[in-house]
Amino acid sequence: IEDAFVLSETLEACKSTEKLEGALQDFYKKRIVRVSIVQFLSRLASDLIINAFDTPWSPHDDLGKSWKSYLTFFWKPVLQYAIFPAQFAYLYSYYPTGNMGDLPAALEAKWKKKHEEGAEAAFERVAEDGQQVAAPSFFKISETVLAAKKN
C-alpha cells in the first residue's frame, strides 16, 4: 500500500512521458531502503519463529522441555518489551506526506451513507419477514462434530 501511494504521487508529478523513466527511478530510490528493511524484518521474524523458538517453558505443564523452549522463555521479556515494539514502530511509521484536506471526512461520510442504507434495509426486512437462518451456526456445527466424536 505504501508503494502504491508513493508511486501514484510520483506518476502524478510526472507531466510528460519523456520524464517517466526518471520518475520511476526516483520512485525506486525513494522506496528501496524502506522496502528492504521491511522485507528483512519480516523474513527475520518468520525465520526466528519457525527455526529458533518453541512453546515457552512453564512450570505449570509438561510442555516446553526442549532447549528452544528455554531459549524462548528467557528471550520472551526482551522480545515482548523491546524487539517487537521497535519492529512494529518502524513497520507502522510510514505516513503520507502533505495535507489530505477533507478527503478522510468525505470518505467516512460516503462509507456511512452507503452502509447505513443497506443496514437499515436489512433491519426493515427482518422486522417484516422475521429472522431466517440459512445454515447452522459455527458453534452448532462444532457441537455436533464433538458429540459425534465422543460417540
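Residues numbered from 1 in each chain as written. Predicted model: local features only at pLDDT ≥ 70, side-chain atom pairs only at ≥ 80, totals over all residues. Heavy atoms only, no water.

Observations regarding the overall build of the protein chain
Move 1: In terms of helices and strands, the protein chain carries five helices and zero strands.
Move 2: Starting at the N terminus and ending at the C terminus, the protein chain contains elements arranged as α-α-α-α-α.
Move 3: Taking 2.2 N^0.38 as the reference for a compact globule, 151 residues should give roughly 15 Å; the C-alpha atoms of the protein chain span a radius of gyration of 26 Å, well beyond that estimate.
Move 4: With the C-alpha coordinates of the protein chain rotated into their principal frame, the extents come out at 75 × 60 × 25 Å. (Helix = DSSP H or I, 4+ residues; strand = E, 2+ residues; numbered from the N terminus. Rg over C-alpha atoms; globule rule 2.2 N^0.38 Å.)

Some details on the side chain of Arg-34
Move 1: With respect to the element layout, Arg-34 can be found in helix 2 (residues 20-52).
Move 2: With sequence-adjacent residues up to four places away left out, Arg-34 is seen in contact with Glu-2, Tyr-90, Leu-91, Tyr-92, Ser-93 and Tyr-94. (Contact = heavy atoms within 4.5 Å.)

Thoughts on the packing of helix 2 against helix 3 (residues 67-91)
Move 1: At a closest axis distance of 12 Å, the pairing of helix 2 and helix 3 adopts a crossing angle of 165°. By the angle between their directions, the pair helix 2 and helix 3 is classed as roughly antiparallel. Judged by the twist between their axes, the crossing of helix 2 over helix 3 is left-handed. Along the contact surface, helix 2 presents Arg-34, Ile-37, Val-38, Leu-41, Ala-45, Asn-51 and Ala-52, while helix 3 presents Lys-68, Leu-71, Thr-72, Gln-87, Tyr-90 and Leu-91.
Move 2: For the contact of helix 2 with helix 3, a count of residues per class yields eight nonpolar, three polar and two charged. (Axes fitted to C-alpha atoms, helices over the stretch in contact; angles between N-to-C directions. Parallel < 35°, antiparallel > 145°, perpendicular 65-115°, else oblique. Left-handed = near helix turned anticlockwise from the far one by under 90°. Nonpolar A, V, L, I, M, F, W, Y, C, P; charged D, E, K, R; others polar.)

Points about the pattern of salt bridges
Move 1: In this structure the tally under the stated criterion is five salt bridges.
Move 2: A salt bridge links Glu-2 to Arg-34, with the shortest nitrogen-to-oxygen separation between them at 2.8 Å. Pair noted here: Glu-2 is in helix 1 (residues 2-13) and Arg-34 is in helix 2, with a separation of 32 residues, a long-range link.
Move 3: A salt bridge links Glu-143 to Lys-140; the shortest N-O distance between them is 3.9 Å. Taken together, the residues Glu-143 and Lys-140, both in helix 5 (residues 138-150) and three residues apart, mark about one turn of the helix.
Move 4: Looking at Glu-143, the relative accessible area reads 48%, which means it is partly exposed.
Move 5: Classification of Lys-140 by relative accessible area gives partly exposed; the value is 47%. (Salt bridge = Lys/Arg side-chain N within 4 Å of Asp/Glu carboxyl O. Buried < 20%, exposed > 50% of the residue type's maximum accessible area, 1.4 Å probe, protein only.)

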